[in-house]
Amino acid sequence: MTSLQNSPTLFHNSFPQKHATSRSSKRDAISFIVKASHEPSASSTGFLSQGKLTHDKDALCKLLYRPGRRQVIAIGTTAPLVFLFNQNSYSFAAENKKGFLHVLDKKDGYSFLYPFGWQEVVIEGEDKVFKDVIEPLESVSVNMIPTGKLDIKEFGPPEQVAETLVKKVLAPPNQKTKIIEAKEQDIEGKTYYRFEFIARAPNYTRHALSTVSIGNGKFYTLTTGANERRWEKMKERLQTVVESFKIFDV
C-alpha cells in the first residue's frame with residue numbers, strides 16, 4: 001500500500017488560492033472581524049493558534065506529494081480573520097431530513113447536509129464552510145485537492161490514512177490527538193474512509209468526524225465537529241452530516 005507520507009502522485013500542484021473577497025460583491029454579504037475567543041472556530045484543513053485561523057494546506061501538499069523521503073510539514077498561509085456571510089450564494093434545497101439543509105455542488109461533484117441554523121462563511125482555501133456562530137467549534141467544511149490516484153485505498157488502510165491526516169493536517173502539532181475509530185465504507189461503488197478523532201488544545205477539546213474519498217481527479221475531505229462538552233448533544237447531527245457526504249461524477 002502506498003503511504004500518505006510517501007505518495008508521489010496525489011498532487012500536481014498546491015491548493016488553488018481562493019480569496020475571501022471573491023463573493024464580497026454580493027449585496028447581502030456582511031463582513032465582520034472574528035475576534036479570538038476561548039473556543040475558536042475550526043475547519044477541515046485549518047486550525048487556530050492564538051486566535052488566528054491558520055490553513056495547513058501547504059503542509060498537506062508536501063505530506064502527500066513529494067516522493068521518497070519524510071517531509072517537513074510547513075505551516076501554510078494565515079487566512080485573514082474576516083468571514084463573509086452570504087446566505088444567498090447558493091441555492092439550497094431542503095431534503096426530507098428534518099432539521100437539515102442540502103448543499104449540492106454540481107461544478108465540483110459533491111453534496112452533503114448541514115444543520116438548519118448554521119451559516120455559511122467564506123474562508124480562504126476552503127471550498128465550503130458552514131458553522132454555528134454561537135458555538136464556533138460546531139462547523140462543517142469541505143476541501144478538495146487534485147490527485148492522480150483513482151481510489152482512496154491506494155493510500156493504505158483507513159487507520160493509516162486517518163492517523164496521518166489528523167496528526168499532520170487536521171490538527172496543529174501542539175495539540176494532542178486521538179483516533180477513536182476509522183473505517184471503510186463503500187457507497188454506490190465508491191470507497192469512503194470515515195474516522196472519528198479528538199484534538200485537545202490547552203483551553204478546549206474538539207470532537208470531530210471526517211470522511212475522505214477520491215473522485216473527479218480530486219482528493220475530497222469533509223470534516224465536522226463540536227466542542228467535547230457538547231458532543232453528546234451534537235453527535236447524532238454530526239454523524240448525519242458526515243454520512244450524507246456523497247461524490248458524483250462531473
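Residues numbered from 1 in each chain as written. Predicted model: local features only at pLDDT ≥ 70, side-chain atom pairs only at ≥ 80, totals over all residues. Heavy atoms only, no water.

Labelled according to an unreviewed UniProt entry, the chain appears under the name PsbP-like protein 1, chloroplastic isoform X1, originating from Abrus precatorius.

Visitor: What am I meant to see in the overall build of the chain here?
Guide: Tallying secondary structure elements over the chain gives three helices and 14 strands in all. For the chain, buried positions account for 54% of its 250 residues. For the chain, restricting intrachain contacts to residue pairs at least 6 apart in sequence, the fraction spanning at least 24 positions comes to 62%. Carbon and sulfur atoms make up 50% of the accessible area of the chain, which amounts to about 12000 Å² in all. (Helix = DSSP H or I, 4+ residues; strand = E, 2+ residues; numbered from the N terminus. Buried < 20%, exposed > 50% of the residue type's maximum accessible area, 1.4 Å probe, protein only. Contact = heavy atoms within 4.5 Å. Areas by Shrake-Rupley, 256 points an atom, 1.4 Å probe, with all protein chains shown as cover.)

Visitor: So what exactly am I meant to see when it comes to the side chain of Lys128 here?
Guide: Its place among the elements puts Lys128 in strand β8 (residues 128-131). Taking relative accessible area as the criterion, Lys128 reaches 3% and is therefore assigned buried.

Visitor: Honestly, the environment of Glu154 in this entry has me stumped. Any pointers?
Guide: Tracing the chain through its elements places Glu154 in the loop between β9 (139-146) and α2 (158-170). The class of Glu154 is partly exposed, set by a relative accessible area of 28%. There is a polar contact of 2.9 Å between the side chain of Glu154 and the backbone nitrogen of Leu150. (Polar contact = N/O pair within 3.5 Å; in protein donor to acceptor, adjacent residues only side chain to side chain.)

Visitor: How should the nonpolar core be read in this particular structure?
Guide: The nonpolar side chains of a soluble globular protein tend to be buried with one another. Formed by 25 residues in total, the largest nonpolar core has its most connected members in Phe112, Tyr114, Val140, Leu222 and Phe245. Broken down by secondary-structure element, the contributors of at least two residues to this core are β5 (100-105), β6 (110-115), β9, β13 (218-227) and α3 (231-244). In terms of residue count, the dominant contributor to this core is α3 (five residues). Apart from the residues within four sequence positions on either side, Phe112 is in contact with Leu101, His102, Val103, Phe130, Val140, Val142, Leu222, Ser244 and Phe245. (Core = buried A, V, L, I, M, F, W, Y, C linked by side-chain atoms within 4.5 Å.)

Visitor: Could you clarify how one ought to interpret α2 in this entry?
Guide: In an α-helix, one turn spans 3.6 residues; hence positions three or four apart end up facing the same way. Counted at 1.5 Å a residue, the expected span for α2 with its 13 residues is 18 Å, but the 15 Å between its end C-alpha atoms falls short. All buried positions along α2 are accounted for by Pro158, Val161, Ala162, Thr164, Leu165, Val166, Val169 and Leu170. (Expected span 1.5 Å × (residues − 1).)

Visitor: It is not clear to me how the sheet that holds β6 should be interpreted in this structure. Could you clarify?
Guide: To summarise the sheet geometry, strands pair through backbone hydrogen bonds and adopt either a parallel or an antiparallel arrangement. Read from one edge to the other, the open sheet built from three strands follows the order β5-β6-β14, with strand pairing classed as antiparallel. Only two strands of the sheet have a single neighbouring strand rather than two, namely β5 and β14 (246-247). Strands β5, β6 and β14 of the sheet are contacted by α3, whose axis makes an angle of about 170 degrees with β6. (Pairing = 2+ DSSP bridges. Axes fitted to C-alpha atoms, helices over the stretch in contact; angles between N-to-C directions.)

Visitor: Would you explain the confidence of the model for the chain in this entry?
Guide: Put simply, the chain has an average pLDDT of 74, and 62% of its residues get 70 or more. Ignoring residues within four places in sequence, the model shows residues 5-56, a span with pLDDT below 50, making 169 contacts including any to other chains. The low-confidence segment residues 65-95, where pLDDT is below 50, has 103 contacts with residues more than four positions distant or belonging to other chains. (pLDDT = per-residue confidence, 0-100.)

Visitor: Just to check I follow, could you spell out the packing of aromatic side chains for this structure?
Guide: The geometry of an aromatic ring pair is captured by two quantities: the separation of the ring centres and the angle between the planes. According to the stated counting rule, one finds eight aromatic pairs in the structure shown. Consider the rings of Tyr110 and Tyr220, whose centres lie 6.1 Å apart with planes at 70 degrees: the pair is edge-to-face. Here Tyr110, found in strand β6, pairs with Tyr220, found in strand β13; they are 110 residues apart in sequence, far enough to count as distant. Each member of the pair, Tyr110 as well as Tyr220, is classed as buried. Seen in terms of ring centroids, Phe155 and Phe219 are 5.9 Å apart; in terms of plane orientation they differ by 75 degrees. Their pairing is edge-to-face. Of the two residues, Phe155 is situated in the loop between β9 and α2 and Phe219 in strand β13; the sequence distance between them amounts to 64 residues. Feature note: the residues Tyr110, Phe112, Tyr114, Phe130, Tyr220 and Phe245 constitute an aromatic cluster, connected by ring pairs. Lying across the ring of Phe155, Lys149 places its NZ or CZ 6.0 Å from the centre. (Phe/Tyr/Trp six-rings, centres within 6.5 Å; stacked < 30°, edge-to-face > 60°. Lys NZ or Arg CZ within 6 Å of the ring centre and 35° of its normal.)

Visitor: Is there a simple way to think about α3 in this case?
Guide: For α3, with 14 residues, the first-to-last C-alpha span of 19 Å sits near the 20 Å given by 1.5 Å per residue. Approximately 30 degrees is the largest bend angle found in α3, and it occurs at Arg237. Listed in full, the buried residues belonging to α3 are Trp231, Met234, Leu238, Thr240, Val241, Val242 and Ser244. (Bend = angle between axes of the 7 residues up to and from the residue.)

Visitor: Looking at this model, I keep getting lost on unusual backbone geometry. Mind explaining?
Guide: Note on backbone geometry: most residues besides glycine have negative phi, and most peptide bonds are trans. Of note in this structure, Glu188 is not a glycine but carries a positive phi near 50 degrees. With respect to the element layout, Glu188 can be found in the loop between β10 (176-187) and β11 (190-200). Positive phi outside glycine occurs at Asn216, with the angle close to 55 degrees.

Visitor: Help me understand the pattern of salt bridges in this model?
Guide: Where side chains of opposite charge bring their charged atoms close, a pairing between them can arise. Enumeration according to the criterion identifies nine salt bridges in this entry. Linking Glu154 and Lys149 is a salt bridge whose minimum nitrogen-to-oxygen distance equals 3.7 Å. Under the relative-accessibility criterion, Lys149 is labelled buried at 11%. Between Glu184 and Lys153 there is a salt bridge; the shortest N-O distance is 3.4 Å. Here Glu184 is found in strand β10, whereas its partner Lys153 is found in the loop between β9 and α2, with 31 residues between them in sequence. What makes Glu184 partly exposed here is its relative accessible area of 37%. The structure contains a network of salt bridges with shared partners spanning Asp105, Asp127 and Lys128. (Salt bridge = Lys/Arg side-chain N within 4 Å of Asp/Glu carboxyl O.)

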